[in-house]
Amino acid sequence: MHIQLHTQRTDAETTLIPLAQTDDLAEQLVQIAGEVNLPAALLQQDFKADSKELLPVYRAEGRKVYLLGLGENPTAMDWLKAFRETFFRQKKKLSQSVSVDLSAFSAEVVEAVVLGIRWGGYDLKLYQTDKAAAPAFYTQEGHLSLILPDTQKEAAQEILDRAEAIAATHHEILNLMNAPSNYKTPQTLADWTLASGEKYGYSVTVLNKEQIEAQGLQALLAVNKGSDLPPTFIIAEYKPVGQEGLKKVGLVGKGITFDTGGISIKPSTNMHLMKSDMGGAAAVLGTLEVAAKLALPVHLIGIVPSTENMVDGSATKPGDVIGSYIGKTIEIIDTDAEGRVILADGLGYMVRNFQPDVLIDLATLTGNSIAALGYHAAALLSQNDALSNALIAAADRTGERLWRLPLWDVYKEDIKSDVADVKNYSGKPFAGAISAGKFLEVFAEGHEAWAHLDIAGMAYGDNEFGSQKNGTGYGIRLLIDFLRHLS
Ligand code: BES
Ligand code: ZN
Ligand code: ZN
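Participant: Honestly, the domain arrangement of the protein chain in this entry has me stumped. Any pointers?
Facilitator: Interfaces are often sized by the accessible area lost when the parts come together. Domain boundaries in the protein chain define domain 1 (2–151) and domain 2 (167–484). The C-alpha centroid of domain 2 is placed 37 Å from the C-alpha centroid of domain 1. In total, domain 1 and domain 2 occlude about 1,600 Å² of area from one another, counting both sides; carbon and sulfur atoms represent 69% of this. Counting the surface domain 1 buries against domain 2, the share from its top three residues, Trp119, Tyr122 and Tyr127, is 38%. At the surface where domain 1 touches domain 2, the tally comes to one salt bridge. Between domain 1 and domain 2 we count three residue pairs in polar contact (both at pLDDT 80 or more) in total. Residue contributions to the side of domain 1 that touches domain 2 peak at seven residues, all from helix H3 (residues 76–90). Residue classes in the side of domain 1 that touches domain 2 are distributed as ten nonpolar, one polar and four charged.

Participant: It is not clear to me how the coordination of the zinc ion (ligand 3) should be interpreted in this structure. Could you clarify?
Facilitator: When a metal carries six donors in an octahedron, the ideal angles between them are 90 or 180 degrees, while four donors in a tetrahedron ideally lie at 109.5 degrees. Around the zinc ion (ligand 3), the protein supplies Lys254 (NZ), Asp259 (OD), Asp277 (OD) and Glu338 (OE) as donor atoms, at distances of 2.0 to 2.4 Å. Of note is the zinc ion (ligand 3), whose six donor atoms meet at the metal with angles of 78 to 171 degrees in an arrangement that counts as octahedral. Distance-wise, the zinc ion (ligand 2) is placed 3.2 Å from the zinc ion (ligand 3), both being coordinated by Asp259. Placement of the pair is Asp259 in strand S10 (residues 255–259) and Glu338 in the loop between strand S13 (330–331) and helix H10 (339–354), with a sequence separation of 79 residues.

Participant: Could you clarify how one ought to interpret the site of ligand 1 in this entry?
Facilitator: By nearness alone, 18 residues border ligand 1, and Asp259, Lys266, Asp336, Glu338 and Gly367 come closest of all. Between Lys254 and ligand 1, the recorded distance is 3.2 Å, taken from a side-chain N or O atom to an oxygen atom. Contact distances for ligand 1 include 3.3 Å between a nitrogen atom and a backbone N or O atom of Leu365. Here ligand 1 loses 82% of its free accessible area of 520 Å² to cover by the protein chains.

Participant: I'm lost on the sheet that holds S13 in this one. Help?
Facilitator: Pairing between sheet strands relies on hydrogen bonds along the backbone, with the strands arranged either parallel or antiparallel. As summarised here, the arrangement of the three strands in space is S12-S13-S17, forming an open sheet in which the pairing is mixed. Sheet topology places strand S12 (321–322) and strand S17 (422–423) at the edges, where each strand pairs with a single neighbour. Two elements, S12 and S13, share two bridges in a ladder whose sense is antiparallel. Residue pairing across strands places Val321 opposite Glu331, the latter belonging to S13.

Participant: Got a minute to help me understand the sheet that holds strand S5 (residues 97–101) in this structure?
Facilitator: Across the sheet, which stays open at both edges, the six strands sit in the order S1-S6-S5-S2-S4-S3 with mixed pairing between neighbours. The two strands at the open ends of the sheet, each matched to only one other strand, are strand S1 (2–6) and strand S3 (54–58). Sheet twist, expressed as the average angle between the axes of neighbouring strands with direction ignored, equals 20 degrees. Bridge count between S5 and strand S6 (residues 143–147): five bridges; the pairing is parallel. Within the sheet, the bridge partner assigned to Ser97 lies in S6 and is His143. In this fold helix H1 (residues 25–36) packs onto strand S2 (14–19), S3 and strand S4 (64–69), with an angle of close to 165 degrees to the strand it touches most, S2.

Participant: Is there a simple way to explain the packing of helix H5 (residues 153–178) against helix H6 (residues 186–200) in this structure?
Facilitator: Contact geometry of H5 with H6 gives a least axis separation of 12 Å together with a crossing angle of 170 degrees. As far as their axial angle goes, H6 and H5 are roughly antiparallel. From H5, Glu172, Ile173 and Leu176 reach across to H6, where they touch Thr188, Leu189 and Trp192.

Participant: Hey, could you run me through the packing of aromatic side chains in this one?
Facilitator: For any pair of aromatic rings, the description rests on two quantities: the centre-to-centre distance and the angle between the ring planes. Evaluated as defined, the whole model comprises 13 aromatic pairs. Both rings, one in Trp79 and one in Phe83, keep their centres 6.0 Å apart while their planes meet at 5 degrees; by these two values the pair is stacked. One end of the pair is Trp79 and the other is Phe83, both in helix H3 and four residues apart, which spans about a single turn. When its relative accessible area of 5% is taken as the criterion, Trp79 is described as buried. Measuring from ring centre to ring centre gives 6.0 Å for Tyr122 and Phe465, while their planes differ by 80 degrees; the resulting arrangement is edge-to-face. You can see Tyr122 sitting in the loop between helix H4 (109–120) and S6 and its partner Phe465 sitting in the loop between strand S19 (460–461) and strand S20 (470–471), a full 343 residues away along the chain. By the burial criterion, Tyr122 is buried, and Phe465 matches it. Lying over the aromatic face of Trp119, Arg84 brings its terminal NZ or CZ to 4.4 Å of the ring centre. A cation over a ring is seen here: Lys469 above Tyr375, with NZ or CZ 4.2 Å from the ring centre.

Participant: Which parts of the structure should I look at to understand the coordination of the zinc ion (ligand 2)?
Facilitator: For the zinc ion (ligand 2), the full set of protein donor atoms is Asp259 (OD), Asp336 (O), Asp336 (OD) and Glu338 (OE), and the range of their distances to it is 2.0 to 2.2 Å. In this structure, the zinc ion (ligand 2) is surrounded by six donor atoms whose angles at the metal cover 71 to 166 degrees, and the resulting shape is irregular. In terms of primary sequence, the donors binding the zinc ion (ligand 2) are separated according to D-x76-D-x1-E. Judged by relative accessible area, Asp336 falls into the partly exposed class, the value being 23%.

Participant: Any chance you could explain the packing of helix H9 (residues 279–294) against helix H14 (residues 476–484) here in plain terms?
Facilitator: A pair of packed helices can be characterised by two numbers: the angle between their axes and the separation between those axes. Running from N to C, H9 and H14 cross one another at 45 degrees; their axes reach a closest spacing of 9 Å. Considered as vectors, H9 and H14 are oriented oblique to each other. Considering only the axes of H9 and H14, their crossing is right-handed. Residues Ala282, Ala283, Gly286, Thr287, Val290, Ala291 and Leu294 of H9 pack against Ile476, Leu479, Ile480 and Leu483 of H14. A per-class count over the contact of H9 with H14 returns nine nonpolar, two polar and no charged.

Participant: Looking at this structure, I do not really get the pattern of salt bridges. What am I missing?
Facilitator: When the charged atoms of two side chains with opposite charge come close together, those side chains can pair. Summed over the entire model, instances satisfying the criterion amount to 24 salt bridges. A salt bridge links Lys254 to Asp277; the shortest N-O distance between them is 3.2 Å. Of this pair, Lys254 sits in the loop between strand S9 (248–253) and S10 while Asp277 sits in the loop between S10 and H9, placing them 23 residues apart in sequence. Each member of the pair Lys254 and Asp277 is classed as buried.

Participant: Honestly, the pairing of strand S11 (residues 299–309) in this entry has me stumped. Any pointers?
Facilitator: Here is the key point about a regular strand: its side chains alternate between the two faces of the sheet. Counted residue by residue, S11 has eleven buried out of eleven residues, so it is predominantly covered. Where burial is concerned, the two faces of S11 agree: the one with His299, Ile301, Ile303, Pro305, Thr307 and Asn309 and the one with Leu300, Gly302, Val304, Ser306 and Glu308 are both buried. Inspection of the sheet shows strand S8 (residues 232–238) paired to S11 by seven bridges, in the antiparallel sense. If you follow Glu237 over to S11, its bridge partner there is Ile301. By the bridge criterion, five bridges tie S9 to S11 in an arrangement that is parallel. Residue Gly250 lies in a different strand from S11, and its bridge partner there is Ile301. Relative to S11, S10 is paired through four bridges, and the arrangement is parallel. For Gly255, the partnering residue across the bridge sits in S11 and is Ser306.

The rules we used
- Residues numbered from 1 in each chain as written.
- Chains lettered and ligands numbered in written order.
- Predicted model: local features only at pLDDT ≥ 70, side-chain atom pairs only at ≥ 80, totals over all residues.
- Heavy atoms only, no water.
- Domains from an automatic or database assignment.
- Buried area = accessible area lost by both parts, 1.4 Å probe.
- Salt bridge = Lys/Arg side-chain N within 4 Å of Asp/Glu carboxyl O.
- Polar contact = N/O pair within 3.5 Å; in protein donor to acceptor, adjacent residues only side chain to side chain.
- Helix = DSSP H or I, 4+ residues; strand = E, 2+ residues; numbered from the N terminus.
- Nonpolar A, V, L, I, M, F, W, Y, C, P; charged D, E, K, R; others polar.
- Donors = N, O, S within 2.8 Å, 3.2 Å for Na, K, Ca; no water.
- Tetrahedral: all angles 85-135°; square planar, octahedral: opposite > 155°, others 65-115°.
- Near = heavy atom within 4 Å.
- Areas by Shrake-Rupley, 256 points an atom, 1.4 Å probe, with all protein chains shown as cover.
- Pairing = 2+ DSSP bridges.
- Axes fitted to C-alpha atoms, helices over the stretch in contact; angles between N-to-C directions.
- Contact = heavy atoms within 4.5 Å.
- Parallel < 35°, antiparallel > 145°, perpendicular 65-115°, else oblique.
- Phe/Tyr/Trp six-rings, centres within 6.5 Å; stacked < 30°, edge-to-face > 60°.
- Buried < 20%, exposed > 50% of the residue type's maximum accessible area, 1.4 Å probe, protein only.
- Lys NZ or Arg CZ within 6 Å of the ring centre and 35° of its normal.
- Left-handed = near helix turned anticlockwise from the far one by under 90°.

See below:
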């Protein structure tokens, strides 16, 4: 499907008109009623513009007009979800060419509309052999016209280009998130990044197991011990040429391609969802790719330590004391708290080798963050107020919500080990997202502008695409928005 901007109605077989619950809704419906030759009272009776309400109006000459409700004061996320769900549900009924009438809105809505429509075409049936053919609208021949006010067309083009860049990367990231672990290994993440770097012109270095050993990334190696597959350590760097004085931002993502829990093995109910325990890596790698595509004026470094967390005779055991890149020793109380252990080396390597101005890590780290915030926000942990506020502002703009939890030093007690420098689990069934943050803080080595995002509840979730939780691509829109507003 390709997308074009227009300032006048096109002759698409299907026109979709989004409407918010504003004071002049009744008036807008009078105008629409005139255009479709129906009594206004009928539309006013049957359409209240509730969120995601859809009213199809069939016209004698064979065209179709959909009125789509957006509810009251729709946010970017409301727009995105209304379009995503509507296009997903209607995709088989959509004509090959569809137009969306945005003439009552400003250019800003284009991003959410396009992301929603593109995402609505996502097909989770990655490995089904008897799939139906793609609906006409979502094939190469499909066509989408966005109708905007004259004054908005120019601004809309840039927004459309950005949305298309994000949508294409988002689609790939969803495929990675949803791939099972027999299709997605630490090498798969590395290969994806190498190919992306090649395509969009940023540099990628992948350390293999021998190089990881030589570098002393001992925490990553300890988590990898139970796995038949070697770990990878992915370092991606995007730096626009010829621009000086750019902010250097380091992103670190948890790349566990399957988390069994290790010897502290997880119960089998829902263990299959642990194929998506690389949601932090997905956010980091997706952000690198989009930033390079958009040529954002920022120097970005992405680091992804990647391994499975498996169980076998050589796996790390509870009580074991392991080393780390920065030299601190870690007592492993629970082998299922593996994310923070590999991030310890990701953060340590980032800080010691790149000294970024801003350091952000993302990880599907704790069930406890879900206990605190459910599936509506990721936990943000940082001692830096300005960075926290900038991240929260980006979260509010994009609807990829963040909520801050404290990182007070009183919680340091939770990670004090009797025998090593630090332990990986407090042993207590509370404040687990915070003690994980305190653990990571040790390996950020006092970095002034470090933030940790625990995205366990957001990286995948329930939605219209399937009966099981599946990838959301959380973090890409958030971080791109954050980077665009970086001063
Ligand atoms: N990958 C999990 C966290 C997780 C849980 C992500 C649910 C998504 C959904 C992580 O490695 C883990 O197992 N964390 C443990 C830590 C505990 C042993 C300290 C947890 O949260 O239970
Ligand atoms: Zn775990
Ligand atoms: Zn995990």
